[in-house]
Amino acid sequence: MGCVCTMDERKGVSSWMAISSIVLITLLALTALHVSRRQHPAIKPRVIPTHPMRPAVQLWLSTADRRLRLAHQPDIEMSAHEALPVEVVIDVNKTYQSIVGFGAALTDSSAWLLQNKMNEQQRSALLHELFGPPPNLNLTMTRLTIGASDFSLRPYTLDDLPVGEVDPQLLHFNITFNLHDVIPTVREVLAINPQLRIIASPWSAPAWMKTSANLIGGELLEQFEGTYANYLVKYLDTYRGYGIPIFALTLQNEPGFVPVTYPGMEVPASTRERIIAQYLGPALASREPKTRILGWDHNWDEPGQPLSVLANPDVARYIAGIAWHCYRGSPYAQSQVHRAFPRKDTYITECSGGDWESSKNGELLWFTRDLLLAGLRHWARGIVYWNLALDEHYGPHFGGCDTCKGVVTIDSRTGEVSRNDEYYAFAHFSRFVLPGAVRVGSSETDKGIDNVAFQNAAGGSIVLVMVNSHTDARRVSVKQDQASFQYTLPPQSVATFVWNPDQTSRRMDATNSPQVKKSPGTTATSATIGGRKVAQ
């Protein structure tokens, strides 16, 4: 039922509501005014203390007793060096040779094992481990034999004929013996690393070119010197046809040594000079991509051999560098030749370890210190070990060394892989010193503590490899610019230190920057210190 109200009654209700609203608004305003007059405690800004992170040096360590094998250790903190006695000073402004890489030979024996004693999965995994980028071993070089070596299953060359026949036009040249093992393996490696640098070396000319009419012994007949040069060029062209570019070529493996149980050939300096100056050098001079000629390809103990050949300008113009082996002499010979011919490159193209008397306590120290570290200090741009892989019986091989070891050992029954001391010696360099890196200055310490340092082209990281040959631990200190660190090297150990010098400089600047004073009651802000934004 509806309510009927008079006009006067409605006016009364409206007046009452207006008055009530005014009172309510007034009360709310007074309350707000009272609240705004209350004193709040001052809000103190949260100040984040500035403690710039000190630069870290990464470390990988191996010991001769095999307790540690390229083991990643806790980072080492760098600090200001004012009060620190420094033993090794790194000088990145003092530069030497650039680095091409490290590797091992894909001999016939190594390739045969990979293709015949491993299944596809095993082979792929091993080749990726050996030739893949870091943290793999990162081998970037290899060496191939032109024809058979002592690490082949049988003696052969690429133009073998019945006794009494000759082939000066090389019509019977063929690479049949390489089609099933060497070439497929090299192509698999190139698929992993297309920048692989390959050095090729012959052990013997075909028998019909030689005084002995045999692959074993003898010298090259002068009438076939031009043919022999063509034989080597044909090898380059044939391999390129299979997608395998040859980075460098040597005229003859160990030209001063005549083996009696496997293919070999003596090539005196006068013969080498004639072949290079008159035939091989001109044949390769205008070719693209370029294949370099490396001279000598034999031991350190006869530096006079490459020096005499390089002294002939008609020959030297075609020689890009000198190849060395490690079996006699010392790497000081490399510096002797470098001083006389500083524009010629240096490579170590062969060195093998083995189970012989001198290696009964392991080979980590010798290969790291005497081959790799010393070789690099004496201008080597690349170092190539002998066999990449052999089996548990040090083979297969045809004559020659019967206790040589590969970088790895492949079990011929199961395909399982064992990594030898040489693997870890090379890893201390190949995983960290990248192609294009430059050797930089590093001061030498007392006898028994050896070192060599590099700066990588990409990223600028510093790599320092140190060897402690002492039977007790030795503490060393290292300085680079305004930063330094200390570390105690275990007895008979190898250490690879890696750090970024740009981060070192920025962080040391941050450490030495004056602290910004803050007044009480100010608001926290941010600032840039040493190139890094930090809260203040």
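Residues numbered from 1 in each chain as written. Predicted model: local features only at pLDDT ≥ 70, side-chain atom pairs only at ≥ 80, totals over all residues. Heavy atoms only, no water.

Enquirer: How should the overall build of the protein be read in this particular structure?
Expert: Along the backbone of the protein there are 12 helices and 25 strands. Put simply, the protein shows about 25100 Å² of open surface, and 53% of that area lies on carbon and sulfur atoms. (Helix = DSSP H or I, 4+ residues; strand = E, 2+ residues; numbered from the N terminus. Areas by Shrake-Rupley, 256 points an atom, 1.4 Å probe, with all protein chains shown as cover.)

Enquirer: Quick question: what am I supposed to make of the packing of aromatic side chains here?
Expert: Any two aromatic rings considered together are summarised by their centre-to-centre distance and by the angle between their planes. Counting across every chain of the model gives 18 aromatic pairs. The interplanar angle of 10 degrees and the centroid separation of 5.5 Å between the aromatic rings of Trp-203 and Trp-386 together place this pair among those described as stacked. Of the two residues, Trp-203 sits in the loop between β7 (197–202) and α5 (225–241) while Trp-386 sits in strand β13 (residues 380–387), which places them 183 residues apart along the sequence. Residue classification places Trp-386 among the buried positions, given a relative accessible area of 2%. Seen in terms of ring centroids, Phe-485 and Trp-499 are 5.5 Å apart; in terms of plane orientation they differ by 75 degrees. Their pairing is edge-to-face. Of this pair, Phe-485 sits in strand β22 (residues 483–489) while Trp-499 sits in strand β23 (residues 493–499); the two residues are 14 residues apart in sequence, bridging distant segments of the chain. Accessibility assignment for this pair places Phe-485 and Trp-499 in one class, buried. For the cation-ring pair, Arg-439 lies above Tyr-96, with the distance from its terminal atom to the ring centre recorded as 3.9 Å. Positioned over the ring face of Trp-379 is Arg-439, at 5.5 Å from the centre of the ring. (Phe/Tyr/Trp six-rings, centres within 6.5 Å; stacked < 30°, edge-to-face > 60°. Buried < 20%, exposed > 50% of the residue type's maximum accessible area, 1.4 Å probe, protein only. Lys NZ or Arg CZ within 6 Å of the ring centre and 35° of its normal.)

Enquirer: Sorry, what's going on with helix α2 (residues 108–116) here?
Expert: Helical periodicity: at 3.6 residues per turn, an α-helix aligns residues three or four positions apart in one direction. The element α2 is extensively covered by neighbouring structure, given that seven of its nine residues are classed as buried. When we look at burial in α2, the residues that qualify are Asp-108, Ser-109, Ser-110, Ala-111, Leu-113, Leu-114 and Gln-115.

Enquirer: Mind showing me how you'd approach the environment of Ala-80 here?
Expert: Within the secondary structure, Ala-80 is located in strand β3 (residues 79–80). For the pair Ala-80 and Ser-484, spaced 404 residues apart in sequence, the C-alpha separation works out to 6.3 Å.

Enquirer: Could you clarify how one ought to interpret α5 in this entry?
Expert: The first and last C-alpha atoms of α5 sit 25 Å apart over 17 residues, in line with the 24 Å expected at 1.5 Å per residue. Every buried residue of α5 is listed here: Glu-225, Gly-226, Thr-227, Tyr-228, Ala-229, Tyr-231, Leu-232, Val-233, Tyr-235, Leu-236 and Tyr-239. The first or second residue beyond α5 is Gly-243, which carries a positive phi of 80 degrees. (Expected span 1.5 Å × (residues − 1).)

Enquirer: How should the environment of Asn-178 be read in this particular structure?
Expert: Position of Asn-178 among the secondary structure elements: in the loop between β6 (141–146) and α4 (182–192). Asn-178 sits 66 residues away from Trp-112 along the chain, and the two C-alpha atoms are 9.7 Å apart. If we ignore the near neighbours within four places in the chain, the residues touching Asn-178 are Asp-108, Tyr-156, Leu-158, Ile-183, Pro-184 and Tyr-239. (Contact = heavy atoms within 4.5 Å.)

Enquirer: How do you make sense of the pattern of salt bridges when you look at a structure like this?
Expert: Close approach of charged atoms lets side chains of opposite charge pair. Per the stated rule, a full pass over the model turns up 19 salt bridges. A salt bridge links Arg-66 to Asp-421; the shortest N-O distance between them is 2.8 Å. Of this pair, Arg-66 sits in the loop between β1 (56–63) and β2 (71–77) while Asp-421 sits in helix α11 (residues 421–430), placing them 355 residues apart in sequence. Here Arg-474 ties to Asp-472 by a salt bridge, and the two come within 3.2 Å at their closest N and O atoms. Asp-472 gets classed as partly exposed once you look at its relative accessible area, which sits at 34%. When salt bridges that share partners are traced, they join Arg-66, Arg-69 and Asp-421 into one network. (Salt bridge = Lys/Arg side-chain N within 4 Å of Asp/Glu carboxyl O.)

Enquirer: Looking at this structure, how should I read the state of the cysteines?
Expert: The bond known as a disulfide is covalent and runs between the sulfur atoms of two cysteines. In the structure shown here, the tally under the stated rule is two disulfides. Between the sulfur atoms of Cys-326 and its disulfide mate Cys-351 the distance is 2.0 Å. What sets the handedness of the Cys-326 and Cys-351 disulfide is the S-S torsion sign, and at about 85 degrees it is right-handed. Taken together, the residues Cys-326 in the loop between β10 (319–325) and α9 (332–340) and Cys-351 in the loop between β11 (345–350) and β12 (353–354) connect sequence positions 25 residues apart. (Disulfide = S-S within 2.5 Å.)

Enquirer: Looking at this model, I keep getting lost on unusual backbone geometry. Mind explaining?
Expert: What you tend to see is this: most non-glycine residues have negative phi, and most peptide bonds are trans. The amide bond that connects Glu-288 to the next residue, Pro-289, takes the cis arrangement and shows omega of -5 degrees. Structurally, Pro-289 is set in the loop between α6 (269–285) and β9 (292–299). The omega torsion across Gly-395 and Pro-396 is 5 degrees, close enough to zero to call that bond cis. Secondary-structure assignment places Pro-396 in the loop between β14 (389–391) and β15 (404–405). The phi angle at Leu-70 is positive, at roughly 50 degrees, despite the residue not being glycine.

Enquirer: Explanation requested: the sheet that holds strand β16 (residues 408–410) in the structure shown.
Expert: In sheet architecture, strand pairing relies on hydrogen bonds along the backbone and comes in two forms, parallel and antiparallel. The three strands lie next to each other as β14-β16-β17, forming an open sheet whose pairing is mixed. A single partner strand is all that each edge strand has here, and the edge strands are β14 and β17 (417–419). Sheet twist, expressed as the mean angle between neighbouring strand axes with direction ignored, is 30 degrees. As paired strands, β16 and β17 are joined by three bridges and run antiparallel to one another. (Pairing = 2+ DSSP bridges. Axes fitted to C-alpha atoms, helices over the stretch in contact; angles between N-to-C directions.)

Enquirer: Would you mind showing me how to read the pairing of β11 here?
Expert: Side-chain direction in a regular strand flips from residue to residue, so the side chains alternate between the two faces of the sheet. Buried residues dominate β11, accounting for five of its six residues. For β10 and β11, the ladder comprises five bridges, and the chain directions are parallel. Bridging across to β11, Trp-324 finds its partner in Ile-348. Note that β11 and β13 share three bridges and pair parallel. What sits directly across from Ile-348, in β13, is Ile-383.

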